[in-house]
Amino acid sequence: MRSISGRARKGQVNSGLRHARKGQVNFESTILAQPWLVFRPKIMVSNGFNPLFMSKLLGKRALVTAGAQGIGLAISRHLLQAGCDIVVHYRHSAGAARALADEAKKLGRRCAALPGDLTESEECDRIVARAVEYLGGLDVLVNNAGSLIARKSFLEADDSFWAETMSLNLGSARRISRAATAHLAAAAKANGGASIVNLSSLAGRKGGHPGSLAYATAKGALLTFTRALATELGPHGIRVNALAPGLILGTSFHNTHTSPEAARATIAGIPIGRGGTADDVARAAVFLAAEFDGFITGATLDINGGVYGC
Ligand SMILES: NC(=O)c1ccc[n+]([C@@H]2O[C@H](COP(=O)([O-])OP(=O)(O)OC[C@H]3O[C@@H](n4cnc5c(N)ncnc54)[C@H](OP(=O)(O)O)[C@@H]3O)[C@@H](O)[C@H]2O)c1
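Heads up: these notes are all about the structure in this document. (Residues numbered from 1 in each chain as written. Predicted model: local features only at pLDDT ≥ 70, side-chain atom pairs only at ≥ 80, totals over all residues.)

Some remarks on the overall build of the chain
So, step 1. Per the secondary structure count, the chain includes 13 helices and seven strands.
So, step 2. Within the chain, the fraction of its 310 residues that count as buried is 44%.
So, step 3. Contacts in the chain between residues far apart in sequence, at least 24 positions, make up 70% of those at least 6 positions apart. (Helix = DSSP H or I, 4+ residues; strand = E, 2+ residues; numbered from the N terminus. Buried ≥ 20, exposed ≤ 12 C-beta atoms within 10 Å, placed from the backbone. Contact = placed C-beta atoms within 7 Å.)

Quick look at the structure:
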């Protein structure tokens with residue numbers, strides 16, 4: 001149907017098309033053919049948040065690791081706006097985590113903050129147990145904690161650096177997910193589904209920039225972990241997906257590890273012509289957490305402005 005040109009094909013039933021002049025955009029016929037064009041502006045609000053997710057996530061209980069700053073903070077905020085009650089884990093960002101509780105209150109939602117080092121198994125067990133106690137269960141887990149730690153070449157990265165990078169970027173997701181599985185399965189049984197979202201990286205796809213070999217290896221393993229866990233937890237009603245963000249600016253990650261010149265050089269290779277924002281990632285996290293028909297699992301959603309080639 002050629003609704004944009006406004007010209008009807010012979011025999012087509014569309015009153016709007018019949019009245020269109022040649023070459024003119026006929027909005028009436030376009031809308032008849034594509035009704036979502038009418039509804040779309042009404043369901044998007046200024047920050048790009050889609051209230052349709054609210055119906056899926058309203059009253060759901062979510063845990064976000066490292067959820068008080070950077071990408072994690074944006075995810076926490078979007079989950080709150082979608083109607084979730086949340087527990088925000090943090091390592092050092094205590095003030096930011098407390099501020100989030102005030103934001104939640106204004107939205108009529110509940111939010112608690114829990115500190116902990118996710119490279120320690122007991123800490124992970126304790127955080128999940130306390131989160132479940134506060135929330136009364138768990139429907140959504142976002143494994144966001146992770147860091148490059150430092151830029152080190154292959155030869156510079158000794159055993160202890162390698163182990164630390166793996167433990168934070170892969171091990172933390174494994175430990176927290178393991179502690180959360182029984183609770184997510186219970187929620188899935190009661191409510192028809194539960195969801196894990198893992199924060200991987202474009203580096204896990206492509207190998208990353210110089211000095212990120214250990215990090216890229218951990219993030220690549222996190223993608224495999226995501227697919228394997230999706231297979232194992234699918235029968236329990238738990239979907240497991242990953243996000244693979246590219247360059248996300250305004251984060252301490254890049255403020256610490258990437259020079260402005262290196263960021264400019266990276267942006268020059270991004271087809272969409274800009275770096276990403278934490279909100280770009282948070283919207284995708286909420287989509288995967290809410291996903292309408294519950295059929296997306298084991299997937300990786302790339303958020304990178306069009307950088308592929310592998
Ligand atoms: N920024 C990007 O461009 C980008 C691109 C791709 C993927 N990612 C991934 O997205 C996620 C968030 O990125 P980001 O840029 O927002 O990260 P970030 O600013 O570097 O923050 C890392 C977070 O990890 C937490 N953390 C560090 N060590 C920890 C430990 N031992 N135990 C528990 N938590 C610990 C810190 O919490 P506190 O602040 O509370 O100390 C911090 O919030 C990470 O997994 C990152 O690898 C980021």
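Still to come is the rest of the account.
Overview of the sheet that holds strand β6 (residues 238-245)
So, step 1. Overall, parallel pairing links the seven strands, which are arranged β3-β2-β1-β4-β5-β6-β7 in an open sheet. Each edge of the open sheet is held by one strand with a lone partner, namely β3 (111-115) and β7 (300-303). Recorded for the sheet is a direction-independent mean angle of 15° between the axes of neighbouring strands.
So, step 2. By the bridge criterion, six bridges tie strand β5 (residues 194-199) to β6 in an arrangement that is parallel. Opposite I196, over in β6, you have V240 as the bridge partner.
So, step 3. Where helix α6 (residues 94-106) meets the sheet, it contacts β2 (85-90) and β3, and its direction lies at approximately 165° from that of β3.
So, step 4. Against the sheet, helix α8 (residues 159-191) touches β4 (140-143), β5 and β6, its axis set at about 170° to β4. (Pairing = 2+ DSSP bridges. Axes fitted to C-alpha atoms, helices over the stretch in contact; angles between N-to-C directions.)

So, the environment of L100
So, step 1. Among the structural elements, L100 can be located in helix α6.
So, step 2. Counting along the chain gives 31 residues from L100 to Q69, while the straight-line C-alpha distance between them is 9.8 Å.

Structural notes on the pairing of β3
Consecutive residues of a regular strand have side chains that alternate between opposite faces of the sheet.
So, step 1. One ladder, built from five bridges, connects β2 with β3; its direction is parallel. Opposite H89, over in β3, you have L114 as the bridge partner.
So, step 2. Handedness of the β2-α6-β3 crossover: right-handed. (Right-handed = clockwise from strand over helix to strand, strands pointing away.)

Looking at the site of the ligand
So, step 1. In the neighbourhood of the ligand, 27 residues make up the surrounding shell, with G70, R91, G146, T251 and F253 lying closest.
So, step 2. Elements with a minimum of two residues in the shell around the ligand: α5 (70-81) and α11 (252-257). (Near = placed C-beta within 6 Å.)

A word on the nonpolar core
So, step 1. Ranked by internal contacts, the top residues of the largest apolar core, which has 77 residues, are L79, I86, V88, L138, L141, V281 and A285.
So, step 2. Top contributing element to this core by residue count: helix α13 (residues 278-290), with 10 residues.
So, step 3. Those residues in contact with L79 that lie beyond four places of it in its chain are L57, A62, V64, C84, I86 and V286. (Core = buried A, V, L, I, M, F, W, Y, C linked by C-beta atoms within 7 Å.)

Notes on α13
So, step 1. A rise of 1.5 Å per residue sets the reference length of α13, with its 13 residues, at 18 Å; its end C-alpha atoms lie 18 Å apart and thus fit the reference within 8%.
So, step 2. Turning to α13, its buried residues number three or more, namely A278, V281, A282, A284, A285, V286, F287, L288, A289 and A290. (Expected span 1.5 Å × (residues − 1).)

Remarks on the pairing of β6
So, step 1. Burial runs high along β6: eight of the eight residues are buried.
So, step 2. Here β6 shows two buried faces, one formed by I238, V240, A242 and A244 and the other by R239, N241, L243 and P245.
So, step 3. Here four bridges tie β6 to β7, and the two strands are oriented parallel to one another. Considered in β7, the bridge of A242 is made with T300.

Examining the packing of helix α7 (residues 121-135) against α8
So, step 1. Here α7 crosses α8 at 35°, and the two axes come no closer than 8 Å. Considering only the axes of α7 and α8, their crossing is right-handed. Contact with α7, carried on its side by S121, C124, D125, V128 and V132, involves R175, I176, A179, A180 and H183 of α8 and no other residues of that element.
So, step 2. Tallied by class, the residues present in the contact of α7 with α8 amount to six nonpolar, two polar and two charged. (Left-handed = near helix turned anticlockwise from the far one by under 90°. Nonpolar A, V, L, I, M, F, W, Y, C, P; charged D, E, K, R; others polar.)

Some words on unusual backbone geometry
So, step 1. Phi is positive for A66, close to 50°, though the residue is something other than glycine.
So, step 2. Note that A66 resides in the loop between β1 (61-64) and α5.
So, step 3. Positive phi, close to 70°, is recorded for I149, a residue that is not glycine.
So, step 4. Checked against the element boundaries, I149 lands in the loop between β4 and α8.

Points about the packing of α5 against α6
So, step 1. Their axes nearest at 11 Å, the elements α5 and α6 cross at an angle of 15°. With respect to α6, the axis of α5 lies roughly parallel. Every pair of crossing elements has a handedness; the one defined by α5 and α6 is right-handed. On α6, the residues touching L73, S76, R77 and L80 of α5 are A96, L100, E103 and A104.
So, step 2. Each residue belonging to the contact of α5 with α6 can be placed in one class, and the counts come to five nonpolar, one polar and two charged. (Parallel < 35°, antiparallel > 145°, perpendicular 65-115°, else oblique.)

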